[in-house]
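Chain residues, written in single-letter form:
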Amino acid sequence: MAEIRSPIPGIFYRRPSPDEDEFVQEGDAVEAGAVIGLVEVMKQFHDVVAEEAGTVGSFQVDNEGMVDAGQPIVTID
Amino acid sequence: MPGLPERVLVANRGEIAVRVIRACRDLGIEAVAVYSEADADALHVALADEAVEIGKAQAKASYLRPEAVVEAAVSTGCGVLHPGYGFLAEDPRLPTACAEAGVAFAGPPADVMAAVGDKVTARAAAERAGVPVVPGTGRLEDPDAALEAAEEIGFPVLLKASAGGGGRGIRRVDDPGELTTAFSRASAEAEAAFGDGGLFVEKCIERPRHVEVQVLADTHGNVIHLYERDCSVQRRKQKLIEEAPAPNLDASIREGLCDAALALAREVGYVNAGTAEFIVDPVGGTFHFLEMNARIQVEHGVTELLCGVDLVCEQLRVAAGLPLSVAQEDVVARGCSIELRINAEDPEQKFMPSPGEITGWHAPSGPGVRVDAGVEAGRRVVPFYDSMVAKVMVWGTDREQALARARRALDELTVEGIKTTRDLQRSLLDWDEFTEGRATTESLEAYLGAAA
C-alpha cells in the first residue's frame, strides 16, 4: 500500500478541468506514473502522481479541498 | 459638483489593496477591506479602517464574487468601489453590479470594459481610431487563401486559431513552402483543441519590445496620457521588470505611441485609468496595438515616480465624478524609474511557488526608493493567490542613477522563510541586455535558458 501525499500546499482537484471527467475513480487500476489529481498553488498546477501501480483507494481530500504539503490524498493498494 | 466619498471599498487583496488603502488615507477617505478566510491575518486587513469577510480561501468563493464585494460596499456605506487589478477588475459584471447597487466604480463602465476586453472589437476600435494593428487577415478557410495573404503580408507569419487564446493555437511559418502543410496541421489541431478549425494569418513581429502607454480619462471629457513604460523583460508573458521612459526609444515613436493611446481612449469613450499596450519592432521602427487593459496595472508606480501624479488618487476622483486634477500640459516626465517584482517563487526550481511564513523581512529605503508590499515579517504568503509579494521601485535623475539605486535597494532587501525572485532580479541588474536598454520580450527566456 502506498499513500499519495500532496507535494505542495494548495487546492486539490480531481479533474483536469471543470468540464472533464475525474482522472481516476476509487477502485480503478492505475499504472505507476498515472496522474490522479492536480494541486493548484498560486495559479500554477502540479500533477499528483501514483508512484506505483495498484488500485485507487478512498480519497481523503474532497475535490477542490485545501491541502497542506505532505497531507495524504489517497492510498494505492 | 460631487465630492469624494467618505468611504471606499477596496475589492482586492495583497499589495494593490494596501496601495489603494494608502491612496484613501492621502485623500482623507476611510478604507474598507474585504478578505477571504485565508486572509484574516493579511496586511491589507490590518491597515483598513474596517474589513468584511467575503468567503472561503478559493478566489472563486471570495474575491471573484461580484455580488459579495458589492454587498460589502453597500453594507459598510462605501460610495466608491476600487477593483485593483486581477480578480474582478476587468469583469464587466462588477461595474454592472456596482451600477445596480448605486456604488460608483473606479474603472470604466461595463460596456466600455467589454468592448476593450474583446480582442476583435478592440482591434476594430483601434483601426477606426487610426491606430496601427498587427497586419493580418480575417478568418480563412483554406490554405490557398492563407498562402496568398501570407505572401502579401510577408514572411515569417503566424497562423492563429480563431478560437484560440492565452498563447495557445499559434504556429509560426517562416517559408512559403511550409505554409500549406502547416495550415492543415494547425487547422486540425485547432479543431481538436477548440472545436473550431478556423485560422487567420498575422505578421510575425520578431524580437519585439513591449511598450505601453498610461492614460487617464474623466467623465468631463478630459483624456490625458502619462507617457510610456517598457515591460520587455518577461518570462512566459509575465513581466518581471518595468521601467519608464522606455530606453533607446526614438522620440517620434514615443509621440506616435502616446497619440495612438489617446486616439484609442477617445474612440472607445474610455473613463478612469487604462493602459494601451503595443509591440514595438526595434528593427523596423514601427509599432502595433496589442490590447487595452481596463484597470490600474501592477506597474503603475513606475509612471507615478516618473510623472509625480498619484494614479490611484486620480482613479478615486474620477469615480466620484470629479475632473482629473492634472491637465496634459502639467504632465512632465522627469528622470527614470524602474520596478522589480519580488515574487514568492524559486527561480532555481523552475519558478516553483514558495508560500509560507515570512520569518524575516527588511525592505530597502533611502533616496529614490519606494517599496509597495502586501506582506511583512510575521505574516504568511498563502498558497491560493498570485505569487507577487512586493514591488521594489526606484527613481533616479537618469537611467544610470536609477540602476545604481535599484542595485542598492535589492542589496538591502532581505526576505527569510520563503524563496523569492530577489537574487534573480539582482543579477538582471548586471545583465547587459537590460542595462544597455536593448531587451526584447524574448531576451529573458534566452538568458535563463543559457544560464540553466
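This one's a predicted model, so the numbers in the text were calculated from it and none came from an experiment.

1. Digging into the sheet that holds strand 2 (residues 30–36) of chain B
Residues and elements named next belong to chain B.
Next up, step 1: Taken in spatial order, the five strands make up an open sheet running 3-2-1-4-5, and their pairing is parallel. Of all strands in the sheet, those bounded by a partner on one side alone are strand 3 (50–55) and strand 5 (104–105).
Next up, step 2: Each of strand 1 (7–10), strand 2 and strand 4 (80–82) is contacted by helix 1 (residues 14–26), which is oriented at about 175 degrees to strand 1, the strand it contacts most.

2. Regarding empty space enclosed by the protein
All names here are of chain B.
Next up, step 1: Here the structure, examined in full by the defined rule, presents one cavity of 30 Å³ or more.
Next up, step 2: A volume near 80 Å³ is recorded for the largest cavity.
Next up, step 3: As for the largest cavity, its lining consists of 15 residues, and the residues nearest its centre are Asp 230, Val 233, Glu 243, Phe 434 and Ala 439.
Next up, step 4: Secondary structure elements with two or more residues in the lining of the largest cavity: strand 10 (223–235), strand 11 (238–244) and helix 14 (432–435).
Next up, step 5: Here the lining of the largest cavity takes four residues from strand 10, the largest share from any one element.
Next up, step 6: A class-by-class count of the residues in the lining of the largest cavity yields six nonpolar, two polar and seven charged.

3. Brief notes about the pairing of strand 1 of chain B
Residues and elements named next belong to chain B.
Next up, step 1: Across the two faces of strand 1 the burial is the same, with Arg 7 and Leu 9 and Val 8 and Val 10 all buried.
Next up, step 2: Where strand 1 meets strand 2, four bridges bridge the pair, whose relative direction is parallel. When the sheet's bridge partners are listed, Leu 9 is paired in strand 2 with Val 32.
Next up, step 3: Between the parallel pair strand 1 and strand 2, the chain is carried across by helix 1, and the sense of this crossover is right-handed.
Next up, step 4: Inspection of the sheet shows strand 1 paired to strand 4 by three bridges, in the parallel sense. What sits directly across from Val 8, in strand 4, is Val 80.

4. A look at the confidence of the model for chain B
Next up, step 1: Looking at chain B, pLDDT values average 95 and 98% of them are 70 or higher.
Next up, step 2: For this predicted complex, the interface confidence comes out at an ipTM of 0.81, alongside a pTM of 0.91.

5. So, the packing of aromatic side chains
Each aromatic ring pair is summarised here by two numbers: the centre-to-centre distance and the angle between the ring planes.
Next up, step 1: For the structure on display, the rule yields nine aromatic pairs over all chains.
Next up, step 2: Relative to Tyr 447 of chain B, the ring of Trp 431 of chain B lies with its centre 4.8 Å away and its plane at 35 degrees, an arrangement referred to as tilted. One end of the pair, Trp 431 of chain B, is in the loop between helix 13 (422–428) and helix 14; the other, Tyr 447 of chain B, is in helix 15 (residues 443–451), and 16 residues separate them in sequence.
Next up, step 3: Take Trp 431 of chain B: its relative accessible area is 5%, and that puts it in the buried class.
Next up, step 4: Residue classification places Tyr 447 of chain B among the partly exposed residues on the basis of a relative accessible area of 26%.
Next up, step 5: Among the aromatic side chains, those forming a connected cluster through ring pairs are Tyr 63, Phe 87, Phe 384 and Tyr 385 of chain B.
Next up, step 6: Taking NZ or CZ as reference, Arg 14 of chain A lies 3.8 Å from the ring centre of Phe 59 of chain A, over its face.
Next up, step 7: Of note, Arg 399 of chain B hangs over the ring of Phe 434 of chain B, and the distance from its end group to the ring centre comes to 5.1 Å.

Basis of the calculations
Residues numbered from 1 in each chain as written. Chains lettered and ligands numbered in written order. Predicted model: local features only at pLDDT ≥ 70, side-chain atom pairs only at ≥ 80, totals over all residues. Heavy atoms only, no water. Pairing = 2+ DSSP bridges. Helix = DSSP H or I, 4+ residues; strand = E, 2+ residues; numbered from the N terminus. Contact = heavy atoms within 4.5 Å. Axes fitted to C-alpha atoms, helices over the stretch in contact; angles between N-to-C directions. 1 Å grid on protein atoms, 1.4 Å probe; cavity = no way out; pocket = protein on both sides within 12 Å on 5 of 7 lines; lining within 4 Å. Points joined across faces, edges and corners; volume = space filled by probe spheres on them. Nonpolar A, V, L, I, M, F, W, Y, C, P; charged D, E, K, R; others polar. Buried < 20%, exposed > 50% of the residue type's maximum accessible area, 1.4 Å probe, protein only. Right-handed = clockwise from strand over helix to strand, strands pointing away. pLDDT = per-residue confidence, 0-100. Phe/Tyr/Trp six-rings, centres within 6.5 Å; stacked < 30°, edge-to-face > 60°. Lys NZ or Arg CZ within 6 Å of the ring centre and 35° of its normal.

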